[in-house]
Amino acid sequence: PKKRIFDCIPHNWDSKFRDITVEALKNEKLPEPKFAYIGTPNKKDQADRKFYKYKDITYLGQVAKKKDIGTFNVCASFRTEFNSIYKPGTKCAVAASFNAMFIANKHEYGVYDLLGPDYPYYLEKTDEENMDKMINYIKETYKTPIWDKAMKIIKEVKEKTDVRNIAKQFIKHIENHFDDK
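These numbers were taken from a predicted model, which means no experiment stands behind them.

Chemist: So what about the pairing of strand β4 (residues 101-105)? Which residues, and what values?
Modeler: With 5 of its 5 residues buried, β4 lies for the most part within the structure. Side chains Met101, Ile103 and Asn105 project from β4 onto one buried face, and the interleaved Phe102 and Ala104 project onto a second face that is buried too. With 2 bridges connecting them, β4 and strand β5 (residues 122-123) associate as parallel partners. Within β5, the position partnered with Ala104 by the bridge is Tyr122. Handedness of the crossover joining β4 and β5 through helix α4 (residues 109-115) is recorded here as right-handed.

Chemist: Can you break down the sheet that holds strand β3 (residues 74-76) residue by residue, with the values?
Modeler: Taken in spatial order, the 5 strands make up an open sheet running β2-β1-β3-β4-β5, and their pairing is parallel. Unpaired on one side and paired on the other, β2 (57-59) and β5 mark the two borders of the sheet. Of the pairings in the sheet, the one linking β3 to β4 comprises 3 bridges and is parallel in character. The residue bridging Val74 from the neighbouring strand is Met101, located in β4.

What counts as what
- Residues numbered from 1 in each chain as written.
- Predicted model: local features only at pLDDT ≥ 70, side-chain atom pairs only at ≥ 80, totals over all residues.
- Heavy atoms only, no water.
- Buried < 20%, exposed > 50% of the residue type's maximum accessible area, 1.4 Å probe, protein only.
- Helix = DSSP H or I, 4+ residues; strand = E, 2+ residues; numbered from the N terminus.
- Pairing = 2+ DSSP bridges.
- Right-handed = clockwise from strand over helix to strand, strands pointing away.

Note that every value here comes from positions in space, so none of it alone points to a role or purpose.
Here is the structure:
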């Protein structure tokens, strides 16, 4: 709207990921969910390091390597509510760029802004019990209408967080802010 002071513009995924879209789409043929954690765990956040405890989750390093693309279809984030306050939805944007589902808590504001209230794979709380439940829930709902609904949302996130769409949002914000009419 006109005269608005600020807009929420999500973090974009790296435009080089556009080159791997065909490779990433191979994950749609996986016979079961394959979980991955991408990024650098926050050493000060105990919850963010918990992915090491799950045999189902593979740590791919700070950046996914080309050989890993298409081999996973679920990414996860393990942030405490406190550490979520200042973090954008980057992990979610990256997961979407890899055509992967995303597990996170609703208190991750940048993530919630991207996925919306109807996304089915939110954690109730960032702890082991809820993560175990979510891993099992994803396994139970893989390739069902619940999975399909979530994948539709993920594909929308990929479009929203494409750098070309982010640039359009910046232009719109600047035009609204400096409108001399």
